[in-house]
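# Coordinate analysis (summary)
Single-letter residue listing:
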Amino acid sequence: VENKQFEKSLLDDGFKKSSLIVTGSPQYDTMFKKIETLRPHIKKNEKINVLLVTHSLFEHGYQTRSQRDSIVTQIITEISKHKNEISLTVKIHPSSELFDEYQDLIHAIDPSVTINQTGDSGIYLEEADVILSYSTSSSPMRGCLLKKPLIFCNFFNTLENDMMLERGLAIDCRDSNSLISSIKKILITNPATPEKVDQFIEDVFYKSDGCSSERVSEAILSLLQK
C-alpha cells in the first residue's frame with residue numbers, strides 16, 4: 001500500500017496488519033529524484049518571481065471554459081498592475097492544454113508574460129518565489145515539497161475539500177482583489193512549515209527518497225520466498 005493512511009483504512013476494513021506492507025507509490029519516484037537534482041536557485045532580480053501553474057480542469061470536464069478563463073484573466077489582470085515589483089511566468093500542462101488558447105487569453109492582457117509548455121516543471125518551480133494555482137495537482141505538490149509558498153486562487157469557492165488547503169499548506173485566496181496582498185503576506189509567513197510538509201510527505205507519499213519501486217519489488221520477493 002502507498003501510505004499509512006491507506007494502510008489504516010484497510011485495517012479498519014478487516015485486513016490483517018501482517019498482510020500489508022507500506023512502500024510508497026512508484027509513480028512519485030521520478031518526482032522525488034528530480035527534486036534531489038535541482039540546484040539552489042540564485043535570484044536574478046529584485047522582483048517577486050511568481051509562477052502560475054495551470055491545471056487541466058476544463059479539459060477533463062471539472063471546470064467550464066468560462067471559469068478557467070475567468071481565473072486566468074483575473075490573475076493576469078491583477079499582477080499586470082504591479083509589473084514594477086512582480087515578474088510573472090505561466091506554466092501550462094505539457095499535453096492536456098493548448099498553448100494557443102493561453103497565449104490568446106493572456107497576451108490580450110499583458111504580452112510580456114512568458115508562457116511555457118515544454119520542459120520539466122521543476123525548473124520553473126525552483127525559480128519561483130511564490131506559486132499560484134487553482135487546484136491540487138502534481139506541480140503544486142512538487143512546489144510544496146520544495147518548501148515554496150503556495151497560493152490557491154479559489155475565486156469560485158470550489159476547493160473546500162482540497163487536501164493541501166485542509167492541511168494548511170497554502171493560502172486560500174477567494175478574491176482576486178486580495179491576490180497581491182496574499183503574495184506579499186506569504187513571502188513573510190509561509191503556512192507550509194517544515195513540520196507540515198514532513199507530515200504531508202509521511203501521510204501521502206510515505207517517504208521522499210524516490211525508492212518506492214524498490215520497496216515494492218523487495219516486498220514481492222519477500223512474499224514469494226515465504
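The following refers to the structure shown. The residue count restarts for each chain, going from 1 along the sequence in the order it is written. Per-residue local features of the predicted model are confined to residues with pLDDT of at least 70, and side-chain atom pairs are confined, for both listing and counting, to 80 or more; whole-chain, interface and lining totals are unaffected and use all residues. Values shown for side chains rest on all heavy atoms present in the structure; no hydrogens or waters enter the calculation.

## A look at the sheet that holds strand 2 (residues 86–91)
Think of a sheet as strands paired side by side through backbone hydrogen bonds, with each pair either parallel or antiparallel. In plain terms, the rule: For two strands to pair, DSSP has to find at least two bridges joining them. The numbering of helices and of strands both runs from the N terminus, where a helix is a DSSP run of H or I of at least 4 residues and a strand a run of E of at least 2. Each axis is a line fitted through C-alpha atoms, taken for helices only over the stretch in contact, and angles between the N-to-C directions span 0 to 180 degrees. In what follows, a contact means two residues having at least one pair of non-hydrogen atoms within 4.5 Å.
Across the sheet, which stays open at both edges, the six strands sit in the order 3-2-1-4-5-6 with parallel pairing between neighbours. A strand with exactly one partner marks an edge of an open sheet, and here the two such strands are strand 3 (114–116) and strand 6 (171–173). Strand-to-strand twist of the sheet, defined as the mean angle between neighbouring strand axes without regard to direction, takes the value 25°. Note: strand 1 (residues 48–53) against strand 4 (residues 130–133), three bridges, orientation parallel. Within the sheet, the bridge partner assigned to V50 lies in strand 4 and is V130. In the packing of helix 3 (residues 65–80) onto the sheet, contacts are made with strand 1, strand 2, strand 4 and strand 5 (150–153), and the angle to strand 2 comes to roughly 155°.

## Describing the packing of aromatic side chains
Applicable threshold: Two aromatic rings, drawn from Phe, Tyr or Trp (for Trp, its six-membered ring), form a pair once their centres lie within 6.5 Å of each other, and the interplanar angle then sorts them: stacked below 30 degrees, edge-to-face above 60, tilted otherwise. Think of it in three bands: residues with accessible area under 20% of the maximum for their type are buried, residues over 50% are exposed, and the middle band is partly exposed, with areas taken using a 1.4 Å probe on protein chains only.
In this structure the tally under the stated criterion is three aromatic pairs. An angle of 90° between the planes, with centres 4.9 Å apart, marks the rings of Y28 and F205 as edge-to-face. One end of the pair, Y28, is in the loop between helix 1 (4–12) and helix 2 (29–37); the other, F205, is in helix 9 (residues 194–205), and 177 residues separate them in sequence. The exposure class of F205 is buried, given its relative accessible area of 2%. Judged by centre distance (5.6 Å) and plane angle (90°), the rings of F200 and F205 are edge-to-face. Per residue, the accessibility class of F200 equals that of F205, and both read buried. Through a chain of ring-to-ring contacts, the aromatic side chains of Y28, F32, F200 and F205 assemble into a single cluster.

## Describing the pattern of salt bridges
Put simply, the test is: Salt bridges are defined as contacts in which a side-chain nitrogen from Lys or Arg sits within 4 Å of a carboxyl oxygen from Asp or Glu.
Summed over the entire model, instances satisfying the criterion amount to eleven salt bridges. A salt bridge links K17 to E7; the nearest nitrogen and oxygen atoms lie 3.3 Å apart. In this pair, K17 is assigned in the loop between helix 1 and helix 2 and E7 in helix 1, connecting sequence segments ten residues apart. For D110, the salt bridge goes to K83, with nearest N and O atoms at 3.4 Å. Within this pair, whereas D110 is found in the loop between helix 4 (99–107) and strand 3, its partner K83 is found in the loop between helix 3 and strand 2, the two being separated by 27 residues in sequence. Classification of D110 by relative accessible area gives buried; the value is 5%. Look at the salt bridges and you will find they share partners, linking R65, R68, D69 and E101 into a network.

## Things to note about a nonpolar patch on the surface
Operational definition: Residues form patches when they are more than 30% accessible in relative terms and have no salt bridge. Like charges link within 9 Å. Nonpolar side chains (Val, Leu, Ile, Met, Phe, Trp, Tyr) link within 5 Å. For accessible areas, the Shrake-Rupley method is used with a probe of radius 1.4 Å. Any residue's cover is judged against the shown protein chains and nothing else.
Nonpolar side chains collect at one region of the surface, where I220, L221 and L224 lie side by side and expose about 320 Å² of accessible area between them. Looking at the element boundaries, L224 is found in helix 10 (residues 212–225). By relative accessible area, which is 67% here, L224 ends up exposed.

## Overview of the pairing of strand 4
Selection criterion: Here is how to tell: hold the view so the strands point away, follow the path from the first strand over the helix to the second, and if it runs clockwise the crossover is right-handed.
Neither face of strand 4 is left uncovered, since the one carrying V130 and L132 and the one carrying I131 and S133 both have all their residues buried. Strand direction decides the pairing type here: strand 4 and strand 5, joined by three bridges, are parallel. Across the sheet, S133 pairs through a bridge with F152, a residue of strand 5. Once you follow strand 4 into helix 6 (residues 138–145) and on to strand 5, the crossover reads as right-handed.

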